[in-house]
Amino acid sequence: MKATTVHKYLHWSIALCVCFMVITIAWEPLRQWHVTTGYGLIALYLLRVVLTKLRGTGYTPPFARSAPMLQRVEGWLYMLFYAGLAVALYTGYMRVHGPESLVESMLWVHIKSMYYLVVFILAQVGYAVLAETSWFSRAVYSKG
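Residues numbered from 1 in each chain as written. Predicted model: local features only at pLDDT ≥ 70, side-chain atom pairs only at ≥ 80, totals over all residues. Heavy atoms only, no water.

1. Topic: the overall build of the protein
Short version of the rule: In this description a helix means any DSSP run of H or I spanning at least four residues, a strand means any run of E spanning at least two, and both kinds are numbered starting from the N terminus. The buried label goes to any residue with under 20% of its type's maximum accessible area, the exposed label to any with over 50%, and the partly exposed label to all in between, with areas taken from a 1.4 Å probe on protein chains only. The criterion used for residue contact is that any of the two residues' heavy atoms lie within 4.5 Å. In these tables, accessible area is a Shrake-Rupley quantity obtained with a 1.4 Å probe, and a residue counts as shielded only by the protein chains included in the view.
A count of helical and extended segments in the protein gives 5 helices and 0 strands. Here the protein holds 144 residues, and 33% of them are scored as buried. Considering only intrachain contacts with a sequence separation of at least 6, the fraction spanning at least 24 residues in the protein is 60%. Carbon and sulfur atoms form 72% of the exposed surface of the protein, whose accessible area is close to 9400 Å².

Encoded structure:
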């Protein structure tokens, strides 16, 4: 499945926001930007959800039996990423705006979800580098 231009812009906007958020949380003077960027990321995420409902996923759905196995795995990875991102966004929002009794547990889950996102980003960069090699690209995008 070919991603539309809108999907690509959303993809890279979300990717840049997540990378910026990792930088802001690691560098104390930028800590407030972490929260501010989080609001923007919530908006991008919701836009992505609406776009997916209206136009489809922009990637091969994992349930498409006619697609090559590695493309279906890629679809599952995207679904896991967006589920993990939803957890990170929800717990971050609740950390700031939720009841005081939930702050510590939300922070714990939020931090763990960010580790997951960093690992996912590194894996995706590795996958992109491999995808640029012709033998890997043929293996991923051929049926069989």
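2. Quick word on the environment of L85
The residue L85 is located in helix α3 (residues 69-97) in this model. Relative accessible area serves as the criterion here: at 1%, L85 is assigned to the buried category. Each residue touching L85, except ones within four places of it in the same chain, is listed here: I14, V18, L41, Y45 and L117.

3. Concerning the pattern of salt bridges
Selection criterion: Any Lys or Arg side-chain nitrogen located within 4 Å of an Asp or Glu carboxyl oxygen qualifies as a salt bridge.
Considering all chains together, one arrives at 1 salt bridge under this definition. As a salt-bridge pair, E28 and R31 come within 3.2 Å of each other at their nearest N and O atoms. Taking relative accessible area as the criterion, E28 reaches 51% and is therefore assigned exposed.

4. A short note on the packing of aromatic side chains
Two measures describe an aromatic ring pair: the distance that separates the ring centres and the angle between the ring planes. Keep this limit in mind: The criterion for an aromatic pair is that two Phe, Tyr or Trp rings (for Trp, the six-membered ring) have centres within 6.5 Å, with stacked assigned to planes under 30 degrees apart, edge-to-face to planes over 60 apart and tilted to the rest.
Enumeration over the complete set of coordinates arrives at 5 aromatic pairs. Taking 6.1 Å as the distance between ring centres and 45° as the angle between the ring planes, the aromatic pair formed by Y45 and Y82 counts as tilted. Taken together, the residues span a long stretch of sequence, with Y45 in helix α2 (residues 31-55) and Y82 in helix α3 at a distance of 37 residues. Each member of the pair, Y45 as well as Y82, carries the same accessibility label: buried. Ring centres of F81 and F120 lie 4.8 Å apart, and the angle between their planes is 25°; on these two criteria the pair is classed as stacked.

5. What about a nonpolar patch on the surface?
The criterion, for reference: Note that patches include only residues with greater than 30% relative accessible area and no salt bridge, and the join distances are 9 Å for like charges and 5 Å for nonpolar side chains (Val, Leu, Ile, Met, Phe, Trp, Tyr).
Together, M69, L70, V73, L77 and L80 line one region of the surface with nonpolar side chains, adding up to about 430 Å² of accessible area. Among the secondary structure elements, M69 is positioned in helix α3.

6. Observations regarding the nonpolar core
For clarity, the cut-off: To define a nonpolar core, start from buried Ala, Val, Leu, Ile, Met, Phe, Trp, Tyr and Cys residues and group those joined through side-chain atoms within 4.5 Å.
Judged by nonpolar contacts, the single largest core of 19 residues is most densely connected at I14, L41, L44, F81, Y82, L85 and L117. Within the residue set of this core, elements represented by two or more residues are α1 (5-26), α2, α3 and α4 (103-131). Every residue in contact with I14, bar those within four places of it in the chain, is listed here: L41, L44, R48, F81, Y82 and L85.

7. A look at the packing of α1 against α2
Put simply, the rule is: What counts as an axis is a line fitted to C-alpha atoms, over the stretch in contact for a helix, and the angles between N-to-C directions run from 0 to 180 degrees. Orientation categories follow fixed angle ranges, with anything under 35 degrees roughly parallel, anything over 145 roughly antiparallel, 65 to 115 roughly perpendicular, and all other angles oblique. The handedness criterion is simple: a crossing whose near helix is rotated anticlockwise from the far helix by less than a right angle is left-handed, and one whose near helix is rotated clockwise is right-handed.
Between α1 and α2, whose axes approach to 9 Å, the crossing angle comes to 155°. It follows that α1 is roughly antiparallel to α2 by the angle criterion. When the axes of α1 and α2 are compared, the crossing they make is left-handed. Across the interface between the two elements, V6, H7, L10, S13, I14, C17, V18, F20, M21, T24 and I25 from α1 touch R31, W33, H34, T37, G38, L41, L44, L47, R48, L51 and R55 from α2.

8. Some points on the side chain of T37
Mapped onto the fold, T37 is located in helix α2. The residues touching T37, leaving out its near neighbours within four places in the chain, are C17, F20 and M21.

9. Focus: the packing of α1 against α3
At a closest axis distance of 13 Å, the pairing of α1 and α3 adopts a crossing angle of 50°. The angle between α1 and α3 places the two elements in the oblique class. Remark: the crossing between α1 and α3 carries left-handed chirality. Between α1, through H11, I14 and V18, and α3, the contact on the second element is made entirely by Y78, F81, Y82 and L85.

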